[in-house]
Amino acid sequence: MKCFSFLWLCLFGVLGLNGQITQEIFESFKLQERRDVKYYIPEDYNPEKKYPLVLVLDAEYLFDQVVANAKFYSEFQGTPETIIVGVFQSKNDLRWVDCAFEEDSGLPAEKAKLFFEFLGMELIPYLKTSYSTAPFSIFIGYDITANFGNYFLFKEKPLFNAFISISPYLAPEMENRVPARLSDIDQQLFYHLIVGGEKDDSRKEILAMDKNIKGLDKPSLTYHFDEFTSANDISVVTYGIGKAWGNMFEIFQPISPREYKEKILTSEEPAYNYLENKYNAIEDLFGFPKEVELNDIMAIYAACRKKDDYESLKPLSELCKQEFPNTMLGYYFEGEYYEELGEAKKALRTFEKAFGMEEIDFLTKEMALEKMDALKADFGF
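Computed from a prediction, not measured in an experiment: that's the story for all the values here.

Undergrad: Please set out the pairing of strand β4 (residues 83-87) residue by residue, giving values where relevant.
TA: Counting buried residues along β4, five of its five residues qualify, which places the element largely inside the surrounding structure. As defined by bridge partners, strand β2 (residues 33-40) adjoins β4 across four bridges and the pair is classed as antiparallel. Within the sheet, the bridge partner assigned to V37 lies in β4 and is V87. Bridge analysis of strand β3 (residues 51-56) against β4 gives four bridges, and the strand direction is parallel. Looking at β4, one finds that L55 is bridged to V85. Taken together, β3, helix α2 (residues 59-76) and β4 form a β-α-β motif whose crossover is right-handed.

Undergrad: Now, about the packing of helix α11 (residues 294-306) against helix α13 (residues 329-341): what can you tell me, with residues and values included?
TA: Two elements in contact, α11 and α13, have axes whose closest approach is 13 Å; the angle formed by their N-to-C orientations is 10°. Taken together, the axes of α11 and α13 are roughly parallel relative to one another. Seen from α11, the contacting residues are L294, I297, M298, Y301 and R305; seen from α13, they are L329, Y332, F333, E336 and E340. Among the residues making up the contact of α11 with α13, the classes are represented as seven nonpolar, no polar and three charged.

Undergrad: Tell me about the environment of F118, and name the residues and values.
TA: Position of F118 relative to the elements: it lies in helix α4 (residues 110-130). Separated by 239 residues in the primary sequence, F118 and M357 place their C-alpha atoms 57 Å from one another. Ignoring any residue separated from it by four or fewer positions in sequence, one finds F118 in contact with F26, S28, K30, L31, R35, V87 and L123.

Undergrad: I'd like a rundown of the pairing of strand β6 (residues 162-166), residues and numbers included.
TA: Extensive coverage of β6 is indicated by the burial of five of its five residues. Across the two faces of β6 the burial is the same, with A162, I164 and I166 and F163 and S165 all buried. Direction of pairing for strand β5 (residues 133-142) relative to β6: parallel, over a ladder of five bridges. By the bridge assignment for β6, I138 is matched with A162. Pairing of β6 with strand β7 (residues 189-195), which is carried by five bridges, proceeds in the parallel orientation. Each bridged residue has a counterpart across the sheet, and for A162 the counterpart in β7 is F190. Handedness of the β6-helix α6 (residues 174-184)-β7 crossover: right-handed.

Undergrad: Requested: an account of the nonpolar core, with residues and values cited.
TA: A general feature of soluble globular proteins is that nonpolar side chains tend to end up buried together. Membership of the largest hydrophobic core comes to 46 residues, with the highest contact counts inside it found for L55, L119, L123, F148 and Y191. Top contributing element to this core by residue count: α4, with eight residues.

Undergrad: Any details on the packing of aromatic side chains? Residues and values, ideally.
TA: For any pair of aromatic rings, the description rests on two quantities: the centre-to-centre distance and the angle between the ring planes. The tally for this structure, following the rule as stated, stands at 35 aromatic pairs. Geometrically, the ring pair formed by F139 and F152 is tilted, given 6.0 Å between the ring centres and 45° between the ring planes. One end of the pair, F139, is in strand β5; the other, F152, is in the loop between α5 (144-149) and β6, and 13 residues separate them in sequence. We note R95 situated over the ring of W96; from NZ or CZ to the ring centre the distance is 5.2 Å. The lysine or arginine in question, K365, covers the ring of F355, its NZ or CZ lying 5.4 Å from the ring centre.

Undergrad: Could you give me a rundown of the pattern of salt bridges, with the residues and numbers involved?
TA: For the structure on display, the rule yields 24 salt bridges. For K243, the salt bridge goes to D226, with nearest N and O atoms at 2.9 Å. Here the residue K243 occupies a position in helix α8 (residues 235-248), and D226 occupies one in strand β8 (residues 221-227), the gap between them amounting to 17 residues. Among the residues examined, K243 registers a relative accessible area of 44% and is labelled partly exposed. Across the pair E343 and K346 runs a salt bridge whose closest N-O atoms are separated by 3.3 Å. Take E343: its relative accessible area is 31%, and that puts it in the partly exposed class.

About the cut-offs
- Residues numbered from 1 in each chain as written.
- Predicted model: local features only at pLDDT ≥ 70, side-chain atom pairs only at ≥ 80, totals over all residues.
- Heavy atoms only, no water.
- Buried < 20%, exposed > 50% of the residue type's maximum accessible area, 1.4 Å probe, protein only.
- Helix = DSSP H or I, 4+ residues; strand = E, 2+ residues; numbered from the N terminus.
- Pairing = 2+ DSSP bridges.
- Right-handed = clockwise from strand over helix to strand, strands pointing away.
- Axes fitted to C-alpha atoms, helices over the stretch in contact; angles between N-to-C directions.
- Parallel < 35°, antiparallel > 145°, perpendicular 65-115°, else oblique.
- Contact = heavy atoms within 4.5 Å.
- Nonpolar A, V, L, I, M, F, W, Y, C, P; charged D, E, K, R; others polar.
- Core = buried A, V, L, I, M, F, W, Y, C linked by side-chain atoms within 4.5 Å.
- Phe/Tyr/Trp six-rings, centres within 6.5 Å; stacked < 30°, edge-to-face > 60°.
- Lys NZ or Arg CZ within 6 Å of the ring centre and 35° of its normal.
- Salt bridge = Lys/Arg side-chain N within 4 Å of Asp/Glu carboxyl O.

Written out as structure tokens, the structure reads:
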């Protein structure tokens, strides 16, 4: 894997990746050597916010692609901005020394144990004390470095919440050890396994690992597997990272048409409960609240109408008053709630309040006025 595709080179140029990227030499006490590392800090970094932390090994090959995807998804798909650190390993084939394992036991070799401590006890703590990081972190590796990421699962409390493992060169028995460990861990984890179309040495073991993980009944584990049959050992990285990134942050993204149809409309629970549970889960997972998006408000409103779930309009209206206080949104929804209850006077007064506020999305003053006129005509006010 010695080059990027032309498409990715163009994408890097468009996104302007160098704006908040720095490279430095990190003095490691554990390794007793200096290591080249690279950092990406979001352009509008704010210490009052929290940012998920992403560790990327094989930084020469993977770092820019990860940054490009992070920027793209944050800009256009509503995922959180992230802090990304990449460790360089290609010089003198360091990656094979850093991540070596014993052929008989499958455990990290002596230098790999020190590299493990360097990452977990020096580099990651340095970033967590230097920047405002969230408790959610991701490990990304390729080939031998992807296999190395699995060792973090065997800590009592894994350092990472999510793993993107691209064509891992698996240590002996790892196809059995990883599924067994995933089954035992009692915390929310994300694991995305990726393989290309080439018949490499670990393909059989990767497919066995996939089968074993899919056999787990573990609600706290979110697992994805992608096999890109047309990808070689270079292009599999480009194919895989984008899709994996979207899956890692799926819950953080705005409610999609598919999510609306398959999860909200089919649920027997009140529509508002879905919104409340979604945002509570986001805060629990990432360690910080997400601002409620207008897209999600409108999705729940549409579901209320579709399911005749008018009881959800009341808590939805209160949320809108809090999140969109100067707009018609909250009072208009509340007016519809009272209208459905048959409380015409309350509905009229509430629509009058909505009329006096700012228009938003599809809601206009004309719509509020029509509601008011209809109530007056029906009830003789």
